Amino acid sequence: FFKRGVMNYFELFDIPVQLRVDAGQLAPRFFELSRKFHPDYFINESPEVQQEALDNSAMLNRAWKTFQQPDETLKYVLQLKGLLEEEEKFKLPPDFLMEVMEINEQLMDGTVDKAAVTASIDNIQKDIYGPVKEIVEGGAVADLSEEKLLQVKVYYYKKKYLDRIRKQVV
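Residues numbered from 1 in each chain as written. Predicted model: local features only at pLDDT ≥ 70, side-chain atom pairs only at ≥ 80, totals over all residues. Heavy atoms only, no water.

When its secondary structure is counted, the chain shows 8 helices and 0 strands. Shown N-terminal to C-terminal, the secondary structure of the chain runs as helices and strands in the order α-α-α-α-α-α-α-α. Radius of gyration (C-alpha) of the chain: 20 Å, far over the 15 Å computed for a compact globule of 170 residues. Of all 170 residues assigned to the chain, the portion counted as buried reaches 37%. Within the chain, contacts between residues at least 6 apart in sequence are counted, and of these 73% link residues at least 24 apart. When the accessible surface of the chain is summed, it comes to about 10,600 Å², and 52% of that surface belongs to carbon and sulfur atoms. (Helix = DSSP H or I, 4+ residues; strand = E, 2+ residues; numbered from the N terminus. Rg over C-alpha atoms; globule rule 2.2 N^0.38 Å. Buried < 20%, exposed > 50% of the residue type's maximum accessible area, 1.4 Å probe, protein only. Contact = heavy atoms within 4.5 Å. Areas by Shrake-Rupley, 256 points an atom, 1.4 Å probe, with all protein chains shown as cover.)

This is the structure in structure tokens:
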């Protein structure tokens, strides 16, 4: 069984903490752990052991779901490093807000050329990813400074904002 309260998702999958995970490569490990910790295998055990199996299985599924979504993986790593809190009120940089203000205005007054707005969002997305691309795709987080992780945090919140705008366009 997993060590209660000690193990994080990366330890669970026995991989280094990283901002980008190749979920496809984790599939064999996921299925191995799924079989090993499936609650049905513990049906004849004590209620405590059954509950632990259920908890382990739930953690495994949460980890798998997180690793399937790059933004959720970023969020998880930032939380793991103590740099992001749930429901944090993060202030986006004013220059970024000015950049997306025109898109917001178009959405509010209903004069939306969906293709043009989507293209604008895509371009901004590319621009904000450029400075953190090497950090995100660079592998293990162990060697990264807090400053670099904070750059990823700013990217994460900018992307989240753009994603909200993108949903309004659809």
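Having seen it, we continue.
Turning to the packing of aromatic side chains, a few remarks are in order. Considering all chains together, one arrives at 12 aromatic pairs under this definition. Ring geometry for F10 versus F67: centroids 5.0 Å apart, planes at 50°, classification tilted. Of this pair, F10 sits in helix α1 (residues 9–13) while F67 sits in helix α3 (residues 47–68), placing them 57 residues apart in sequence. You can call F10 buried: its relative accessible area is 1%. Owing to a relative accessible area of 2%, F67 belongs among the buried residues under this scheme. (Phe/Tyr/Trp six-rings, centres within 6.5 Å; stacked < 30°, edge-to-face > 60°.)

Moving on, we come to the nonpolar core. As a rule of thumb, nonpolar side chains are buried together in soluble globular proteins. Core analysis: the biggest nonpolar cluster contains 46 residues, and L12, F13, L19 and F96 have the highest contact counts within it. Counting residues per element, the ones that place at least two in this core are α1, α2 (23–37), α3, α4 (70–80), α5 (94–109), α6 (114–129), α7 (133–137) and α8 (146–169). For this core, the element with the most residues is α8, which contributes 9 residues. In this structure, F13 is in contact with L26, R29, F30, L60, A63, W64 and F67, ignoring residues within four places of it in sequence. (Core = buried A, V, L, I, M, F, W, Y, C linked by side-chain atoms within 4.5 Å.)

Moving on, we get to α8. For α8, built from 24 residues, the straight-helix expectation of 34 Å at 1.5 Å per residue is met to within 8% by its first-to-last C-alpha distance of 35 Å. Turning to α8, its buried residues are L149, V152, K153, Y155, Y156, Y157, K158, K159, Y161, L162, I165 and V169. Contact partners of the buried residues in α8: α4, α5, α6 and α7. (Expected span 1.5 Å × (residues − 1).)

Relative to the helices and strands, K81 is located in the loop between α4 and α5. The partly exposed category is assigned to K81, whose relative accessible area is 41%. C-alpha separation for the pair K81 and L149, spaced 68 residues apart in sequence, amounts to 8.7 Å. Not counting residues up to four positions away in its chain, the partners in contact with K81 are V141 and L149.

The subject of this paragraph is the packing of α3 against α4. Packed helices, taken two at a time, are described by the angle between their axes plus the distance between the axes. Two numbers describe how α3 lies on α4: the axes approach to 5 Å, and their chain directions differ by 115°. Where α3 approaches α4, its residues T66, F67 and Q68 are matched on the opposing element by P70, E72, T73 and Y76. Split by residue class, the contact of α3 with α4 holds 3 nonpolar, 3 polar and 1 charged. (Axes fitted to C-alpha atoms, helices over the stretch in contact; angles between N-to-C directions. Nonpolar A, V, L, I, M, F, W, Y, C, P; charged D, E, K, R; others polar.)

In total, this model carries 8 salt bridges according to the counting rule given. The salt bridge involving D122 is made with R166; its shortest N-O contact spans 2.8 Å. In this pair, D122 is assigned in helix α6 and R166 in helix α8, connecting sequence segments 44 residues apart. Given a relative accessible area of 35%, D122 falls into the partly exposed group. Residues joined in a network through salt bridges with shared partners are R20, K133 and E137. (Salt bridge = Lys/Arg side-chain N within 4 Å of Asp/Glu carboxyl O.)

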